[in-house]
Amino acid sequence: MARHLKPLVQRWSSRVFSVELDGAPVYFGIREKLRGATVLPAVFSRLQKEDRCYSLLVCNWDRIRGDRFHWELRDKLLKDLPPGSDVATMSSFLPDEKGSLVKGYFFKSRAENSPLIEGILSDLEHTDPVLVCSYSQSEDGQQWTQSLWSHAEKKQMKFYVVPSEAPEHHPSALNMINSDVFYSLDEACDVLKKCGDIIPETQSVLRMLPSRVDARRKPDFPVIVIEGLDATGKTTLTESLRDTLGATLLRSPPQCLSTWRARFDREPPIIRRAFYAVGNYITAEQICQESAKSPVIVDRFWHSTAAYAIATAVTGPVSNLPHDGSEVYCWPSDLLQPSLVVLLTLDPEERTRRLRNRGLMKTDEEQELDHNKLFRDRVEEAYRRIIGPLCITVDASPSADLVLQQVLLLIRAKCHL
Ligand SMILES: Nc1ncnc2c1ncn2[C@@H]1O[C@H](COP(=O)(O)OP(=O)(O)O)[C@@H](O)[C@H]1O
Ligand SMILES: Nc1ccn([C@@H]2O[C@H](COP(=O)(O)OP(=O)(O)O)[C@@H](O)[C@H]2O)c(=O)n1
């Protein structure tokens with residue numbers, strides 16, 4: 001086994017494995033011996049007699065390249081594996097141990113496809129940082145065992161797969177900090193600098209950064225951020241506020257990054273989120289300059305960056321989010337805090353109606369928002385849990401003018417404008 005994969009198997013039987021089934025994680029563990037009868041974990045009980053299973057775990061020898069490899073591996077598997085392999089996202093982690101999450105994929109295959117699968121796996125194992133496990137069924141179909149799959153080491157030890165309790169929170173929460181959400185400009189820049197050779201555009205993005213950041217400088221005029229899911233009416237409201245208050249309207253990501261946004265939207269979370277994080281600091285610099293002259297209205301800011309990142313990293317119901325009060329919801333200490341954040345909420349039917357009327361192209365994430373109620377709920381709940389500037393939720397279902405009047409009242413009350 002390659003040297004960098006060894007740490008992964010050192011506490012092998014303490015690890016929990018998680019496979020995404022129907023949009024939520026299902027857990028199993030591995031044991032050397034079975035004590036008494038045990039039920040099959042849900043991942044295995046739905047398989048058929050002829051099925052074999054495999055898992056691929058990507059060892060994070062370098063978190064950026066590791067995440068990029070994991071991201072691209074999905075497309076490769078979907079292209080190379082026979083139809084019906086049911087490739088599912090999987091991970092392995094040590095319960096409650098931060099940073100212990102390892103990402104991978106799980107798939108099944110029929111015995112007749114073995115030569116094809118073995119070819120794909122041995123190519124992967126030889127050239128890439130993956131640990132491959134195979135799963136086989138006992139004669140009576142009552143048990144499944146997991147072993148390390150390797151041509152060189154055929155006599156690997158087998159472990160029985162057993163059900164495992166769900167951890168308190170989704171395993172992705174273990175690796176969220178500085179992988180999905182960045183809490184300082186330095187951490188986000190560090191990621192972008194490290195991918196300069198694979199994504200040349202990062203040089204141009206980094207050149208847009210302010211030379212110094214002073215989050216403590218108090219703006220002379222109020223800074224009001226408008227947040228909410230797509231089509232809740234942010235553009236409509238921010239433009240009206242600009243006109244009514246004689247304010248400057250800014251957005252995050254800022255206009256100067258728009259050329260590169262689509263490029264970063266295609267990248268894995270660690271790179272994509274670092275791009276949006278850096279965008280907030282560029283907008284913050286613009287806010288500092290403009291708020292010396294007039295009130296500033298901002299269309300999306302840190303809440304969007306953090307809430308979407310957290311809600312995408314976990315799957316399943318809202319209860320899978322990191323708990324309320326968790327450090328992942330904290331505002332970065334080096335990022336300017338607005339005077340007020342207004343979160344627009346809208347019932348799903350009205351939001352869909354407005355989306356249809358607008359008829360614009362949407363990002364994959366926004367399409368996912370449309371299809372996946374659980375995702376929408378997670379984003380909105382993550383928005384609410386963010387700790388930092390005053391954030392007030394406003395129902396955006398009344399007419400545009402009524403919403404404007406209500407937000408103006410709030411701004412006058414809270415920002416003394
Ligand atoms: N209060 C409102 N009532 C009805 N329609 C609205 C209201 N606010 C916005 N809209 C319409 O809904 C659509 C989405 O609004 P938009 O401001 O573009 O949202 P966002 O910027 O949040 O994506 C637009 O077609 C807009 O004209
Ligand atoms: N400050 C921001 C703004 C957007 N985003 C990301 O950008 C996506 C939404 O941006 P958008 O421009 O489509 O939203 P609208 O302004 O069209 O409502 C979200 O999926 C977020 O992941 C972010 O991370 N940080």
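Residues numbered from 1 in each chain as written. Chains lettered and ligands numbered in written order. Predicted model: local features only at pLDDT ≥ 70, side-chain atom pairs only at ≥ 80, totals over all residues. Heavy atoms only, no water.

Looking up the protein in an unreviewed UniProt entry gives the name Thymidylate kinase-like domain-containing protein, with the organism given as Ilyodon furcidens. Per its UniProt entry, the protein bears the Sequence similarities (unreviewed entry) comment "Belongs to the thymidylate kinase family." (UniProt positions renumbered as here; feature names shortened; annotations may be inferred.)

Chemist: Honestly, the overall build of the protein in this entry has me stumped. Any pointers?
Modeler: Looking only at helices and strands, one finds 14 helices and 13 strands in the protein. Since a compact globule built from 417 residues should have a radius of gyration of about 22 Å, the 24 Å found for the protein is in line with a globular shape. Across the protein, the fraction of contacts at a sequence separation of at least 24, relative to all contacts at a separation of at least 6, is 77%. For the protein, the accessible area works out to roughly 19,600 Å², and carbon and sulfur atoms hold 50% of it. Distance between charge centres in the protein, computed from 53 positive and 56 negative side chains, equals 1 Å. (Helix = DSSP H or I, 4+ residues; strand = E, 2+ residues; numbered from the N terminus. Rg over C-alpha atoms; globule rule 2.2 N^0.38 Å. Contact = heavy atoms within 4.5 Å. Areas by Shrake-Rupley, 256 points an atom, 1.4 Å probe, with all protein chains shown as cover. Lys, Arg positive; Asp, Glu negative; His and termini not counted. Charge placed at Lys NZ, Arg CZ, Asp CG, Glu CD.)

Chemist: What is the right way to read the packing of helix H3 (residues 63-80) against helix H9 (residues 269-290) from this model?
Modeler: For any two helices packed against each other, one specifies the crossing angle of their axes together with the interaxial distance. Interaxial distance between H3 and H9 falls to 8 Å at its minimum, and their mutual angle equals 115°. In contact with Arg 63, Ile 64, Asp 67, Arg 68 and Trp 71 of H3, H9 contributes Pro 269, Ile 270 and Ile 271. When grouped by side-chain class, the residues that make up the contact of H3 with H9 number 5 nonpolar, no polar and 3 charged. (Axes fitted to C-alpha atoms, helices over the stretch in contact; angles between N-to-C directions. Nonpolar A, V, L, I, M, F, W, Y, C, P; charged D, E, K, R; others polar.)

Chemist: Can you walk me through the packing of aromatic side chains in this structure?
Modeler: Ring pairs (aromatic) are described by centroid distance and by the angle formed between their planes. Enumeration according to the criterion identifies 16 aromatic pairs in this entry. On the basis of an interplanar angle of 85° and a centroid distance of 6.2 Å, the ring pair of Tyr 27 and Phe 93 is categorised as edge-to-face. Note that Tyr 27 is positioned in strand S2 (residues 24-31) and Phe 93 in strand S4 (residues 88-93), a separation of 66 residues in sequence. The exposure classification of Tyr 27 matches that of Phe 93, with both residues buried. Plain terms: the ring middles of Tyr 308 and Tyr 383 are 6.4 Å apart, the flat faces sit at 85° to each other, and that makes the pair edge-to-face. Taken together, the residues span a long stretch of sequence, with Tyr 308 in helix H10 (residues 302-313) and Tyr 383 in helix H13 (residues 373-385) at a distance of 75 residues. Accessibility classification places Tyr 308 together with Tyr 383 in one group, the buried group. Cluster of aromatic residues (ring-pair linked, three or more members): Trp 12, Phe 17, Phe 28, Phe 44, Phe 106, Tyr 135 and Trp 144. (Phe/Tyr/Trp six-rings, centres within 6.5 Å; stacked < 30°, edge-to-face > 60°. Buried < 20%, exposed > 50% of the residue type's maximum accessible area, 1.4 Å probe, protein only.)

Chemist: Explain the pairing of strand S5 (residues 102-110) here, please?
Modeler: Successive residues of a regular strand alternate their side chains across the two faces of the sheet. As paired elements, strand S3 (residues 51-58) and S5 share 8 bridges and run antiparallel to each other. Each bridged residue has a counterpart across the sheet, and for Tyr 54 the counterpart in S5 is Phe 107. (Pairing = 2+ DSSP bridges.)

Chemist: Which parts of the structure should I look at to understand the site of ligand 1?
Modeler: For ligand 1, the set of nearby residues contains 14 residues, the closest of which are Ala 231, Lys 234, Thr 235, Thr 236 and Arg 358. Contacts to ligand 1 include Arg 358, whose side-chain N or O atom sits 2.7 Å from an oxygen atom. One nitrogen or oxygen atom from the main chain of Ala 400 is found 3.1 Å from a nitrogen atom belonging to ligand 1. For ligand 1, the accessible surface in isolation is 560 Å², of which the surrounding protein chains cover 77%. Contributions of two or more residues to the shell around ligand 1 are made by helix H7 (234-245) and helix H11 (348-358). The element that contributes the greatest number of residues to the shell around ligand 1 is H7, accounting for 3 residues. The class makeup of the residues in the shell around ligand 1 is 5 nonpolar, 5 polar and 4 charged. (Near = heavy atom within 4 Å. Polar contact = N/O pair within 3.5 Å; in protein donor to acceptor, adjacent residues only side chain to side chain.)

Chemist: Which parts of the structure should I look at to understand the side chain of Asn 175?
Modeler: By the secondary structure assignment, Asn 175 is in the loop between strand S8 (158-163) and helix H5 (185-194). Here the side chain of Asn 175 touches Gly 99 through a polar contact of 3.3 Å, landing on its backbone nitrogen. Residues contacting Asn 175, with those up to four places away along its chain left out, are Gly 99, Ser 100, Leu 101 and Asp 180.

Chemist: What exactly am I supposed to notice about the sheet that holds S4 here?
Modeler: Paired through backbone hydrogen bonds, the strands of a sheet run either parallel or antiparallel to each other. One closed barrel accounts for 8 strands, arranged S1-S2-S8-S7-S6-S3-S5-S4; its pairing is antiparallel. Pairs of neighbouring strands in the sheet enclose a mean axial angle of 35°, with direction left out of account. With 6 bridges joining them, strand S1 (residues 16-21) and S2 adopt antiparallel strand pairing. By the bridge assignment for S2, Ser 18 is matched with Tyr 27. On top of the sheet, H3 reaches S3, S4, S5 and strand S6 (130-137); it is set at about 15° to S5, its chief contact. In the packing of helix H4 (residues 114-127) onto the sheet, the strands contacted are S3, S5 and S6, and the crossing angle to S3 comes to about 10°.

Chemist: Would you mind showing me how to read the pattern of salt bridges here?
Modeler: When their charged atoms lie close together, side chains carrying opposite charge are able to pair. Taken as a whole, this structure holds 26 salt bridges when the rule is applied. A salt bridge links Arg 46 to Asp 22, with the shortest nitrogen-to-oxygen separation between them at 3.2 Å. Remark: Asp 22 occurs in the loop between S1 and S2 and Arg 46 occurs in the loop between helix H2 (42-45) and S3; sequence separation between them is 24 residues. Asp 22 carries the same exposure label as Arg 46, and that label is exposed. In this structure, Asp 265 engages Arg 272 in a salt bridge whose closest nitrogen and oxygen atoms are separated by 2.7 Å. (Salt bridge = Lys/Arg side-chain N within 4 Å of Asp/Glu carboxyl O.)

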